[in-house]
Amino acid sequence: MYTQAMDLPGQPEGKAPTIAHSLEADPKLARFDAAIDADGRIEPQDWMPDNYRKTLVRQISQHAHSEIVGMLPEGNWISRAPSLKRKAILIAKVQDEGGHGLYLYSAAETLGTSRDEMIAALHSGKAKYSSIFNYPTLSWADVGVIGWLVDGAAIMNQIPLCRCSYGPYARAMVRVCKEESFHQRQGYESLLTLMKGTPEQRDMVQDAVNRWWWKCLAMFGPPDADSPNSAQGMRWGIKRISNDDLRQKFVDATVPQAQLLGVTLPDPDLKWNETRGHYDYGAIDWKEFWQTVNGNGPCNRERLGTRVHAWEQGAWVREAAQAHAQKQRQRAMKEAA
Ligand code: FAQ
């Protein structure tokens, strides 16, 4: 449903903007810059500037947290899914999101940060995770809309990350994107089914679209002019497409899908602009976005509370797994002796 093309007008296809070399100053930095300029991959054993490492840990750990916290809004509906088929699909989807979190924590660990440190940062409220998961899922249609729009926005953002300059992150994203693509389609298919149902079911879908649309547009992050991390992230080939350009691609791809589905996107300013060759759209409420990002959205406290509770309740599983691994190590040593 979404294009794999990542070329943008005025930018050579897939190329990070050129970096000034500092050959004489620092040969390690020069080698790193040359690899980035050549659109090469940086691997865990390669030398990298501290800020490149820090930026990756920040982005990858936030991404991992988003996947794990992102299990909660849909997870709330597993016990209330309307049929066995929908329940099985939803369980598999939520489990996939947990898996994405684990690949991403592993990718971040290759940069020298421990999983315990990352989890502690999430639980203390220090680390960010995607704003979108701080809104409630009020009806069964929300589950379909999350698949269609939230996973749709996630794929739009994540396809370029498959070509991120850091190898482990890029490779993790290939698998994540394949699974997200399935998630997006199952959400859309579930909504198509509801739209063929009763007037109440159609109203339920429209209501869910009305509540999620603007939050999904904000998910791509602040406008480029207010995005402090974008310029450096793009120069390093971590980000390939800017927040605003991804948002525009998402709007352009989603409008025809909304038409086919038979729902109205809640934006009176949404219209095709012949000159730009894109849809124009209305103003996003950035004040509300920042409130949510900074911990004051409708469900922030509930989401973090649920994660911390799950972590505490799971302590005995982690301890048992460690004790088992220790026993196996001891047995292997005995046998080898
Ligand atoms: N929510 O300078 P920028 C999913 C923060 S996964 C919260 O533009 P950057 C799967 C940003 O961190 C969804 N905070 O930052 C799924 C920064 O703060 P910092 C997650 C946000 O990094 C589906 C500050 O604002 N995806 O949905 C948000 O260059 C269904 C300034 O922003 C990823 O994480 C936000 N929406 O660009 C699961 C993808 N936007 O760190 C379950 C990877 C911005 O300086 C169910 N991440 N901020 O304190 C990225 O691509 C980038 O990090 C961006 C932000 C685009 C999110």
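Up top you'll find the structure we're talking about.
The notes below deal with the structure included here. (Residues numbered from 1 in each chain as written. Predicted model: local features only at pLDDT ≥ 70, side-chain atom pairs only at ≥ 80, totals over all residues. Heavy atoms only, no water.)

## Remarks on the packing of aromatic side chains
Working step 1: Summed over all chains, the structure comprises 11 aromatic pairs.
Working step 2: Centre to centre, the rings of Trp286 and Phe289 are 5.1 Å apart; their planes meet at 90 degrees, and the pair counts as edge-to-face. Pair noted here: Trp286 and Phe289 are both in helix H11 (residues 286-296), with a separation of 3 residues, about one helical turn. Each member of the pair, Trp286 as well as Phe289, carries the same accessibility label: buried.
Working step 3: With a centroid separation of 4.9 Å and 70 degrees between ring planes, the pair formed by Phe289 and Trp290 is classed as edge-to-face.
Working step 4: Trp290 gets classed as partly exposed once you look at its relative accessible area, which sits at 37%.
Working step 5: Taken together, the ring pairs in this structure connect Phe32, Trp47, Tyr52 and Trp236 into an aromatic cluster.
Working step 6: Note that Arg80 overlies the ring of Trp77, its terminal NZ or CZ placed 3.9 Å from the centroid.
Working step 7: For Arg318, the ring lying beneath its charged end belongs to Trp311, and the centroid distance is 3.5 Å. (Phe/Tyr/Trp six-rings, centres within 6.5 Å; stacked < 30°, edge-to-face > 60°. Helix = DSSP H or I, 4+ residues; strand = E, 2+ residues; numbered from the N terminus. Buried < 20%, exposed > 50% of the residue type's maximum accessible area, 1.4 Å probe, protein only. Lys NZ or Arg CZ within 6 Å of the ring centre and 35° of its normal.)

## Examining the nonpolar core
Working step 1: Tyr52, Leu56, Ile60, Trp148, Tyr166, Tyr169 and Phe250 are the most contacted members of the largest nonpolar core, which totals 81 residues.
Working step 2: The dominant element in this core, judged by the number of residues it contributes, is helix H6 (residues 140-158), at 11 residues. (Core = buried A, V, L, I, M, F, W, Y, C linked by side-chain atoms within 4.5 Å.)

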